[in-house]
Amino acid sequence: MDTQARKKALPMTTLAYNCAAMSIEFQILGSSSGGNCALLHTGHTKVLVDVGFSAKRIGCMLEAVGESLDAIDAVFLTHEHSDHAQGIRGLAKRADLPVFANRDTADAVQAKATKPVNWQVFQTGTDFNFRDLKVRSFALPHDAYDPVGFKFNWGQEGDLFSPPRSLAWVTDLGYVPEHVKAHIRDVQTLVLEANYDEALLEQDERRPWSTKQRIRGRHGHLSNHASFELVEELSQQSTLQQVYLAHLSKDCNNARLVHEKFAPLLKKLSIKVVDPQSGIAPASKAI
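Residues numbered from 1 in each chain as written. Predicted model: local features only at pLDDT ≥ 70, side-chain atom pairs only at ≥ 80, totals over all residues. Heavy atoms only, no water.

## Things to note about the sheet that holds strand S6 (residues 119-122)
With respect to topology, 6 strands assemble into an open sheet ordered S1-S2-S3-S4-S5-S6, the strand pairing being mixed. Because the sheet does not close on itself, it has two edges, and the strands there are strand S1 (26-32) and S6. With direction set aside, neighbouring strand axes in the sheet form an average angle of 25°. In this structure, strand S2 (residues 35-41) lies alongside strand S3 (residues 46-51), joined through 5 bridges in antiparallel fashion. For Cys37, the partnering residue across the bridge sits in S3 and is Val51. Here helix H6 (residues 103-110) sits on the sheet and contacts strand S5 (99-102) and S6; the angle it forms with S5, its principal contact strand, is near 115°. (Pairing = 2+ DSSP bridges. Helix = DSSP H or I, 4+ residues; strand = E, 2+ residues; numbered from the N terminus. Axes fitted to C-alpha atoms, helices over the stretch in contact; angles between N-to-C directions. Contact = heavy atoms within 4.5 Å.)

Here it is, written out as structure tokens:
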């Protein structure tokens, strides 16, 4: 493919990433109710957070942003649902690839895998290290075996090239317990789900009443309004600088509604909405 054709084939966000590939630290490759995956690059370590697409598709996503599956150092799984873990089946071909998950998640995913996975099992609620990453897992209220959120810290005080950075990944939860707020209050970047718009969910004719109740329930998902309330609270009393609103339902939400909902916070925070249709979110160079 020639240069001009390649430019037309790649989304603008991908081109922006390639222009500054060495300095970008975080990129959501795709996020919606159909699949979730992100790349975190600290400068010393490259990891994927969730792998909710096939390994082949994740490989294509990484190639589109100048990376490759072979360069990934580890995977972190939040829970076993297919929109977060289906890629493990193909990724298990890399026997050297560490996959971090708690015991219940690892057992549930391994039961569907055709090859043994290089599991690195942690206990929910504990801290652990992987290379230059300091990781904290914390429990989330969702209808999975033992779903977790993650907080990642890296960098060092006084280091001009690698200053302290922090990011929290919080998707798939029906409400926000106080312990979750406590864990994410000191992060600079937050990935948070804004799964559904209340009116669109109510109007949806494809989902039965029981499914709607599950989505709205305390072990379901966050609405746009619930996500807004959390971010508004954090913006007044935390170190938060940047928010990615992710895991939007393709049927019961859209990026325009989320942008409109969060518009009042734009003077305080950098807010990016991950469109469930187009997939790739703008990359971040300064978390």
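Read on for the rest.
## Comments concerning the sheet that holds strand S10 (residues 165-170)
Spatially, the 7 strands line up as an open sheet ordered S7-S8-S9-S10-S11-S12-S13, and their pairing is mixed. Two strands close off the open sheet at either side, each with one partner strand: strand S7 (127-130) and strand S13 (270-273). Direction aside, the axes of adjacent strands within the sheet are offset by 20° on average. Two elements, strand S9 (residues 148-154) and S10, share 5 bridges in a ladder whose sense is antiparallel. Counterpart to Trp154 in the pairing with S10 is Arg165. Packed onto the sheet, helix H10 (residues 224-237) meets strand S11 (189-193) and strand S12 (242-246) and runs at close to 160° relative to S11. Helix-sheet contacts for helix H11 (residues 255-262) involve S12 and S13, and the interaxial angle to S13 is about 160°.

## Brief notes about the pairing of S12
The buried fraction of S12 is high, at 5 of 5 residues. Along S12, one buried face is formed by Gln242, Tyr244 and Ala246 and the opposite face, lined by Val243 and Leu245, is buried too. For S11 and S12, the ladder comprises 5 bridges, and the chain directions are parallel. In the sheet register, Glu193 faces S12, and the bridge partner there is Ala246. (Buried < 20%, exposed > 50% of the residue type's maximum accessible area, 1.4 Å probe, protein only.)

## Some thoughts on unusual backbone geometry
The phi dihedral of Asp50 is positive, around 65°, even though this residue is not glycine. Structurally, the position occupied by Asp50 is in strand S3. Given a relative accessible area of 0%, Asp50 falls into the buried group.

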